[in-house]
Amino acid sequence: MKKFLTFLLVMVSAVFLMTACSQKAEEKAAEAPAENTEAAAPAASTEPIKIGVAGAHSGDLASYGLPTVNAVKLYVDEVNKNGGIDGRMVELYIEDDVCKPEVATNTASKLVSEKVVAVVGHICSGATKAALGIYKDAGILVISPSATNPELTQSGEYPNFLRTIAPDDAQARLEVDFAINTLNIKKFAVLHDKGDYGKGLAEFAKSFLEATGNGVEVVLYEGVTPGAVDYSAVVQKIGRSGAEAVIFGGYHPEASKIVTQMRKKQINIPFISDDGVKDDTFIKVAGEFAEGVYATGPVDTSSNPINIKAVEDHKAAYQADPGAFFINGYAATMALLNAIDKADSTDYDAVSKALRTEYVETPLGNISFDEKGDAIGVGFSMYQVQNGAYVELK
Amino acid sequence: MDYFLQLFLSGLTKGSIYALIALGYTMVYGIIQLINFAHGEIYMIGAFTALIVASVLTILGFSGLSILILAGIAAVIYSSAYGYTMEKIAYRPLRNAPRLSPLISAIGMSIFLQNYVLLAQTSDFLPFPALIPEFEFLKPVSHIMSSAELVIILSSAVIMVLLTFFIKFTRMGKAMRATAQDKKMARLVGIDVDKVISLTFIVGSSLAALGGILIASHIGQINFYIGFIAGIKAFTAAVLGGIGSIPGAVLGALILGWTESFATGYVSSDYEDVFAFALLVLILIFRPAGILGKSSAQKV
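What counts and how
- Residues numbered from 1 in each chain as written.
- Chains lettered and ligands numbered in written order.
- Predicted model: local features only at pLDDT ≥ 70, side-chain atom pairs only at ≥ 80, totals over all residues.
- Heavy atoms only, no water.
- Helix = DSSP H or I, 4+ residues; strand = E, 2+ residues; numbered from the N terminus.
- Contact = heavy atoms within 4.5 Å.
- Disulfide = S-S within 2.5 Å.
- Phe/Tyr/Trp six-rings, centres within 6.5 Å; stacked < 30°, edge-to-face > 60°.
- Buried < 20%, exposed > 50% of the residue type's maximum accessible area, 1.4 Å probe, protein only.
- Axes fitted to C-alpha atoms, helices over the stretch in contact; angles between N-to-C directions.
- Parallel < 35°, antiparallel > 145°, perpendicular 65-115°, else oblique.
- Left-handed = near helix turned anticlockwise from the far one by under 90°.
- Nonpolar A, V, L, I, M, F, W, Y, C, P; charged D, E, K, R; others polar.
- Domains from an automatic or database assignment.
- Buried area = accessible area lost by both parts, 1.4 Å probe.
- Polar contact = N/O pair within 3.5 Å; in protein donor to acceptor, adjacent residues only side chain to side chain.
- 1 Å grid on protein atoms, 1.4 Å probe; cavity = no way out; pocket = protein on both sides within 12 Å on 5 of 7 lines; lining within 4 Å.
- Points joined across faces, edges and corners; volume = space filled by probe spheres on them.
- Pairing = 2+ DSSP bridges.

Draft legend 1. A look at the environment of Val-120 of chain A. Residues and elements named next belong to chain A. On the secondary structure map, Val-120 appears in strand S3 (residues 118-120). When the C-alpha atoms of Val-120 and Ala-233 are compared, they prove to be 48 Å apart, with 113 residues separating the residues in sequence. The residues touching Val-120, leaving out its near neighbours within four places in the chain, are Ile-51, Gly-52, Val-53, Ala-54, Thr-68, Val-72, Ile-143, Ala-332, Thr-333 and Leu-336.

Draft legend 2. A look at the state of the cysteines. Residue and element names in this part refer to chain A. Under the definition given, this model contains 1 disulfide over all chains. Linked covalently through their sulfurs, Cys-99 and Cys-124 form a disulfide whose S-S length is 1.9 Å. Handedness here is read from the sign of the S-S torsion; for Cys-99 and Cys-124, about -120°, the answer is left-handed. Pair noted here: Cys-99 is in the loop between strand S2 (90-96) and helix H3 (101-113) and Cys-124 is in the loop between S3 and helix H4 (125-138), with a separation of 25 residues, a long-range link.

Draft legend 3. The arrangement of the packing of aromatic side chains in detail. Scanning all chains against the criterion turns up 22 aromatic pairs over all chains. Between Tyr-75 of chain A and Tyr-330 of chain A, the aromatic rings sit 5.5 Å apart at their centres with planes inclined by 65°, giving edge-to-face as the arrangement. With Tyr-75 of chain A in helix H2 (residues 62-81) and Tyr-330 of chain A in helix H12 (residues 326-343), this residue pair connects regions lying 255 residues apart in the sequence. An identical accessibility class is assigned to Tyr-75 of chain A and Tyr-330 of chain A; each is buried. Ring geometry for Phe-262 of chain B and Tyr-266 of chain B: centres 6.2 Å apart, planes at 10°, overall stacked. Taken as a pair, Phe-262 of chain B and Tyr-266 of chain B lie in helix H10 (residues 246-267) at a separation of 4 residues, close to a single helical turn. The class for Tyr-266 of chain B is partly exposed, based on a relative accessible area of 45%. Through a chain of ring-to-ring contacts, three or more aromatic side chains come together here, namely Tyr-3, Phe-4, Phe-8, Trp-258, Phe-262 and Tyr-266 of chain B.

Draft legend 4. Focus on the packing of helix H1 (residues 2-32) of chain B against helix H9 (residues 226-241) of chain B. Residues and elements named next belong to chain B. Direction vectors running N to C along H1 and H9 enclose 70°, while the axes themselves pass 8 Å from each other. The angle between H1 and H9 falls in the class roughly perpendicular. The hand of the H1/H9 crossing is right-handed. The segment H1 lies against H9, with Tyr-18, Ile-21, Ala-22, Tyr-25 and Thr-26 engaging Ala-230, Gly-231, Ile-232, Lys-233, Ala-234, Phe-235, Ala-237 and Ala-238. Among the residues forming the contact of H1 with H9, the class breakdown is 10 nonpolar, 2 polar and 1 charged.

Draft legend 5. Examining the domain arrangement of chain A more closely. Residue and element names in this part refer to chain A. Domain annotation of chain A identifies domain 1 (45-168 + 303-376) and domain 2 (169-299 + 380-393). Of the residues lining the interface, 5 residues belong to domain 1; the matching set on domain 2 comes to 7 residues. Approximately 370 Å² of surface area, both sides summed, lies buried where domain 1 meets domain 2, with 51% of it carried by carbon and sulfur atoms. Linking domain 1 with domain 2 are 4 residue pairs in polar contact (both at pLDDT 80 or more). Classifying every residue of the side of domain 1 that touches domain 2 gives 3 nonpolar, 1 polar and 1 charged.

Draft legend 6. Up close: the layout of surface pockets. All names here are of chain A. There is about 1,200 Å³ of room inside the second largest pocket. As for the second largest pocket, its lining consists of 39 residues, and the residues nearest its centre are Thr-148, Ile-165, Asp-275, Pro-298 and Phe-325. Those elements that place two or more of their residues in the lining of the second largest pocket are helix H7 (196-212), H12 and strand S14 (380-386). Per-element tally for the lining of the second largest pocket: the top contributor is H7, with 5 residues. Taken together, the residues of the lining of the second largest pocket break down into 21 nonpolar, 13 polar and 5 charged. The residues that make up the lining of the second largest pocket include at least three from each of domain 1 (45-168 + 303-376) and domain 2 (169-299 + 380-393).

Draft legend 7. A look at the sheet that holds S2 of chain A. Residue and element names in this part refer to chain A. Strand order in the open sheet formed by 5 strands is S2-S1-S3-S4-S5, and the pairing between neighbours is parallel. Both outer strands of the open sheet, S2 and strand S5 (161-163), are each paired with one neighbouring strand and no more. The mean inter-strand angle of the sheet, taken between neighbouring strand axes irrespective of direction, is 25°. Direction of pairing for strand S1 (residues 49-55) relative to S3: parallel, over a ladder of 3 bridges. Its bridge partner lying in S3, Ile-51 is registered against Ala-118. Across the sheet, H3 touches S1, S2 and S3, and the angle it forms with S2 is around 155°.

Structure representation (structure tokens):
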């Protein structure tokens, strides 16, 4: 009995502790912009602009979501310090969806009830899709820094959705266009590692190739077992198929094994892959055999002055390098606030139109959005291994 | 015809490596009826040791073949020490425990060794130097057979002949066979059973280490996880051939290698594992003890 009572006591205090914590967190989120309002807003009568930030802020995938929160905070702080947008302060509502679709619907409902104008987020494609319907009904714009599922924009179902990252099929598109137009290749072997990422890319590449016509054909389409001891049988098959190039969807460990064995068997056809292979480990492992391999990767923006400034601001504020999608989150916030500024209102139609017509300088370059909601000017470049390093091909 | 030969040889190469690892599984099982799941990790440790030694020797200015031999010897010694120690600390105290206990201990050992290498070395893939030199006389047929493949096939064959000789004709080999047949009886006629078991682990680990160094210099990369898949495949080969039987392990490994290679070559690599394991199930239906396994009545 005594044991049970102790247990109960512990449980009760734990519950209290938990509520206390979450209250604190909410207060904090609301506090930051409020302070700024008092400090730097002469026009206190104008209503603040409410922006939601949603994504994975805790759990396994928090490392994908938190950098965007930092990015939004950094940029919004700067805007508020400079007097806000048309004298109106920007206020943030930060909500966690743990990257789960079932939580994301709650997150979305909460932000809708807070009457936010737009949302920067969500982070994961699945969660984004689940939340989009709710935002659409409420007339709220959503800009994701990281949801790459092609359907989200291409289905046309969600006119309120935009993103500052290229969709998954953009890499496959670039690989295919490059191989056909630049390398003049007609016969392709398309391989993948059976994983979501690699197989997805390979399927896009295959369908783009088949839709091309003009004698372009896929002579071999296969999945290899990741981590297998040896790929020589598949390599022999590539040699026999008469393919003029290999397009591989997957990561560098398999790519380096396949390339190495191809070159050792005197199969010297171009090897074209994705940003899972555009990794220095690939060059380190494949060594001399990596020379000449093509891989797509995000356009290099590290020399962009806004990018450099954003990263430095982050280092000053958090004493660390920014994480994944930080730049995309920063660009999303810049594009959104710029559109609200240009539209001189927070009206859905006006902001939506401004996002699609006005170009804005962001860390990702000078961007705008197309009809479907994909960012123009954000995407991938083709890289090639030359003398032991990836070089961007212009 | 060329294509058939290519697939045949790549299957033979794969099978030879599986065989080197499968022998360790089958010998240990033959003697103490334990499936040593940490055996694949010994293969991985062999490859890592060879990499470290080879890097040092390269800096010291040694060349091609001498590096391969010295690194091979170092890998064998180091892996044997691991095999010996593993038996001592993880399996010997459990020798009289129910059969499931050492099995769990083996799985624990496997996870422990993987994480140990992960922490002590790195989680990245590391490039492994091509220690096997390119032979001039193979140049004209290099699209069919590389010198690495030739070396793997030949050295595996030599190792297996030596092993057979050791088990058939030496005193220690006789003691091993006696222990496998009946531990109590072997002890009664004066065989140091503990020593024999230790020796079995040492021999099995040496073979795995040799497999590790050969395949690593063939495919040119290693990481802490390579032992897992190689171990599973070799275990499958041992079961296919009849676990406990030494020729069975070799036969099972070759059949597995060829099945994978021909399935990839003539059907699709998507179905490589499907064919391999469908074959396993099929053989076990008709010969539950494996191809060369003897189904013996349980001693009571």
